[in-house]
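Structural characterization, general
Listed below are the residues making up each chain.
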Amino acid sequence: MKILPILAALAFSAIPAAAQELPDLGGRTITAVTENAYVPLNFADPQTGEGIGFEYDLFNEIAARLNATVDWQLASWDVMIQAVRDGQYDVGMDGITINDEREEQIDFSDPYLTSEQLMLVRADEERFTNAESFAADEDLLVGAQAGTTNFYVAVYEVLDGDEANPRIKLFETFGTSVQALASGDVDTVLMDKTSAEGYIGANPGAFKVIGEPLGTEQFGFIFTPDSDLVEPVNAALAQIRQDGTLAELEQKWFYEYNAAQ
Amino acid sequence: MTPAPSLSPPRKTRREVPYWLLAMGLLFVLGLWLIVADEGYTSIFRALSSGVITTLWVTFVAFMLATLLGLLIAIMRTSGVKLLREVATFYVELIRGIPILVFLFYVAFVAAPAIVAGINWALTPVIGAGLIEPLTVRAFDFVWRAIVALTVCYSAFIAEIFRAGIEAVDRGQIEAARALGLSRWHTFRFIIFPQALRTILPPLGNDFVSMIKDTALVSALGVQDITQLGKVYSSGTFKFFETYNVVAFLYLTMTISLSLLVRLLERYMARRSR
């Protein structure tokens, strides 16, 4: 039977060159952590309670290509970086902005997403129409979660770069800052397109979006310092980006998924 | 004990209609009706119900452990040995002065790794011989760290309840028991404890009820209790208001029914002691 090796060779050559270069983790289990409180990156399916989202799909795909399985765990955002740093989890993800301060605590992967933030305002808002006119009026307040993307974009792209600016009101969760927007405690909250549509859909007539997308915050996976997973994950990520899978996932979660259902 | 002589004839205890309870019952029925009839509320309830088990589990385990630890501390605080008294007082004052949330983070990220390192150090010979693997912080999950934190925090308060109960027992009885030749342990077991229990049980029950509420703090670690599931559900569906209505409903159902039980217990104890 000479035909078998030939078939095998044909099949092998059909695999893109990059696939052959990916490291094989030999069925290793990677303990990954997220919170399930960040639509559409990681959240609980309202029907089943199961964790779904862009980051779940992306990391499962990365693990599959590296011949690894993922053991998904949950922790709150407040304690995630510390827990990954302590080695309780191998990798963490929660739309974590890559920055220098965090780089000192944990290792980052290459960025997998550049976030675009929109300004959500009350539906009857007429005092400002974009980031510039918001910044110009000293009376206007923005709600944010400390240490999150919407906080950094509010500081560096909307306001004056002062992280202690009193015009930023800090809240414990995303949901609380939106409630504060609804009740008039703050005048805008920054969020990505999917979340904005979700809130507009769930509260008909309460909110609208104004201005242009803001921000160039980049999200990365975080790893326990000196983790041997950084390189394989980066390699798999590069391949996923190259073959269009990453774009497909973005399409699926940021444009096709309707959070307001 | 003979009741104190009263000048006026005993007043007939007229049972007042507990309107507050009727109002509470009405609120409960309203909540239940919403959950059954409104599809949105039904799905919120379904999403949060697994958190009820986590909340109750954390409450029960932490409360049992806190009661045992609290009893030990109280015995130390009332003991005749000065060192024990000082150590126990130090513990109670230290723990009572720290907010539970702060203590929770402390246990999770300072104490837990230290405990794991300590166990590994203690087991060095066994680990060195290759008999067992060294422990990792992973072996000590967030649920247990939360239970440890709640146990320690509540043990300080419960110790004070026990101490008050023990000290309320008449000194003369203790002296009499000792004079009759009962050992220290037997005096505690048969004379002090049964009487102290009567003073202890009602406040202990109240602490149990307040622990149910305080377990909401464990959501800060991401433990999947009612509060954390509420946070997760509301952020996934953007239904903030409705979700927290159900969260409050679930906590109220547990706390009110338990404090009613505590009241019944109090009444029963009062009748028995007459």
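Please read all numbers here as calculations on a predicted model, not as lab measurements.

**Points about the pairing of strand β10 (residues 142–145) of chain A**
All names here are of chain A.
- Because side chains alternate across β10, one face comprises the buried residues V142 and A144, and the other comprises G143 and Q145, equally buried.
- Here β10 pairs with strand β11 (residues 168–171) via four bridges, running parallel. By the bridge assignment, Q145 is partnered in β11 with F171.
- Taken together, β10, helix α7 (residues 149–158) and β11 constitute a β-α-β crossover, and its handedness is right-handed.
- Two elements, β10 and strand β12 (residues 188–191), share two bridges in a ladder whose sense is parallel. Following the sheet pairing, G143 is matched in β12 by V189.

**Here's the deal with the confidence of the model for chain B**
All names here are of chain B.
- Per-chain confidence: chain B averages 89 in pLDDT, with 94% of residues scoring 70 or above.
- Element-level mean pLDDT values for chain B span from 85 in helix α5 (residues 124–128) up to 96 in helix α3 (residues 82–96).
- In the predicted complex, the global pTM is 0.83; the interface-specific ipTM is 0.80.

**Details of a positive patch on the surface**
- Side chains of B:R15, B:R263, B:R267 and B:R271 sit close together on the surface and give a patch of like positive charge.
- What makes B:R267 partly exposed here is its relative accessible area of 43%.

**Here's the deal with the environment of B:D141**
Residues and elements named next belong to chain B.
- If you trace the backbone, D141 turns up in the loop between α5 and α6 (142–167).
- On the basis of relative accessibility, which here comes to 34%, the residue D141 falls in the partly exposed class.
- Between the alpha carbons of D141 and L264 there is a distance of 37 Å; along the sequence they are 123 residues apart.
- Side-chain polar atoms of D141 contact the backbone nitrogen of W144, separated by 3.1 Å.

**A look at the pattern of salt bridges**
- Applying the stated rule across the entire model yields 17 salt bridges over all chains.
- Between B:R138 and A:D90 there is a salt bridge, with the nearest N and O atoms lying 2.6 Å from each other. Taken together, the residues span two chains, with B:R138 in the loop between α5 and α6 and A:D90 in the loop between α4 (77–85) and β6 (91–92).
- For B:R138, a relative accessible area of 33% gives the class partly exposed.
- Residue A:D90 is classed as buried on the basis of its relative accessible area of 14%.
- B:R163 is the salt-bridge partner of B:E160, the closest N and O atoms lying 3.0 Å from each other. Taken together, the positions of B:E160 and B:R163, both in helix α6 and three residues apart, correspond to about one turn of that helix.
- Connected through shared salt-bridge partners, A:R122, A:E125, A:R127 and A:D187 make up one network.

**What about the confidence of the model for chain A?**
- Of the residues in chain A, 91% reach a pLDDT of 70 or more, and the chain-wide mean stands at 88.
- Overall, residues 1–18 of chain A carries pLDDT values under 50, and its contacts beyond four positions in sequence, including any with other chains, amount to four contacts.

**Re the side chain of A:S109**
- Topologically, A:S109 is positioned in the loop between β7 (107–108) and β8 (113–114).
- Among all residues touching A:S109, those that are not within four sequence positions of it are A:I98, A:G220, A:F221, A:F223, A:V233 and A:N234.

**Observations concerning the interface of chain B and chain A**
- Facing the 23 residues of chain B at the interface are 33 residues of chain A.
- Across the chain B/chain A interface, buried area totals approximately 2200 Å², and carbon plus sulfur atoms make up 61% of it.
- Applying the counting rule to chain B against chain A returns two salt bridges.
- Linking B:K231 and A:E35 is a salt bridge whose minimum nitrogen-to-oxygen distance equals 3.0 Å.
- It is helix α9 (residues 226–237) of chain B that provides the largest number of residues to the side of chain B that touches chain A, a total of seven residues.
- In terms of residue class, the side of chain B that touches chain A is made up of twelve nonpolar, seven polar and four charged.

**A word on the packing of aromatic side chains**
- Inspection of the entire model under this criterion finds 25 aromatic pairs over all chains.
- Look at A:F128 and A:F134: their rings are 5.0 Å apart centre to centre, the planes differ by 65°, and that puts the pair in the edge-to-face class. An identical accessibility class is assigned to A:F128 and A:F134; each is buried.
- Here B:Y154 and B:F157 contribute two aromatic rings whose centre-to-centre distance is 6.4 Å and whose plane-to-plane angle is 55°, an arrangement assigned as tilted. Here the residue B:Y154 and the residue B:F157 both occupy positions in helix α6, the gap between them amounting to three residues, near one helical turn.
- When its relative accessible area of 36% is taken as the criterion, B:F157 is described as partly exposed.
- What links up through ring pairs into an aromatic cluster is the set A:F54, A:Y56, A:F59, A:W72, A:Y112, A:F221 and A:F254.
- Lying over the aromatic face of A:F134, A:R167 brings its terminal NZ or CZ to 5.2 Å of the ring centre.
- It is B:R145 that lies over the ring of B:F140; its NZ or CZ is 5.7 Å from the centre.

Rules of the game
- Residues numbered from 1 in each chain as written.
- Chains lettered and ligands numbered in written order.
- Predicted model: local features only at pLDDT ≥ 70, side-chain atom pairs only at ≥ 80, totals over all residues.
- Heavy atoms only, no water.
- Buried < 20%, exposed > 50% of the residue type's maximum accessible area, 1.4 Å probe, protein only.
- Helix = DSSP H or I, 4+ residues; strand = E, 2+ residues; numbered from the N terminus.
- Pairing = 2+ DSSP bridges.
- Right-handed = clockwise from strand over helix to strand, strands pointing away.
- pLDDT = per-residue confidence, 0-100.
- Patch = residues over 30% accessible without salt bridge, like charges linked within 9 Å, V, L, I, M, F, W, Y side chains within 5 Å.
- Areas by Shrake-Rupley, 256 points an atom, 1.4 Å probe, with all protein chains shown as cover.
- Salt bridge = Lys/Arg side-chain N within 4 Å of Asp/Glu carboxyl O.
- Lys, Arg positive; Asp, Glu negative; His and termini not counted.
- Charge placed at Lys NZ, Arg CZ, Asp CG, Glu CD.
- Polar contact = N/O pair within 3.5 Å; in protein donor to acceptor, adjacent residues only side chain to side chain.
- Contact = heavy atoms within 4.5 Å.
- Buried area = accessible area lost by both parts, 1.4 Å probe.
- Nonpolar A, V, L, I, M, F, W, Y, C, P; charged D, E, K, R; others polar.
- Phe/Tyr/Trp six-rings, centres within 6.5 Å; stacked < 30°, edge-to-face > 60°.
- Lys NZ or Arg CZ within 6 Å of the ring centre and 35° of its normal.

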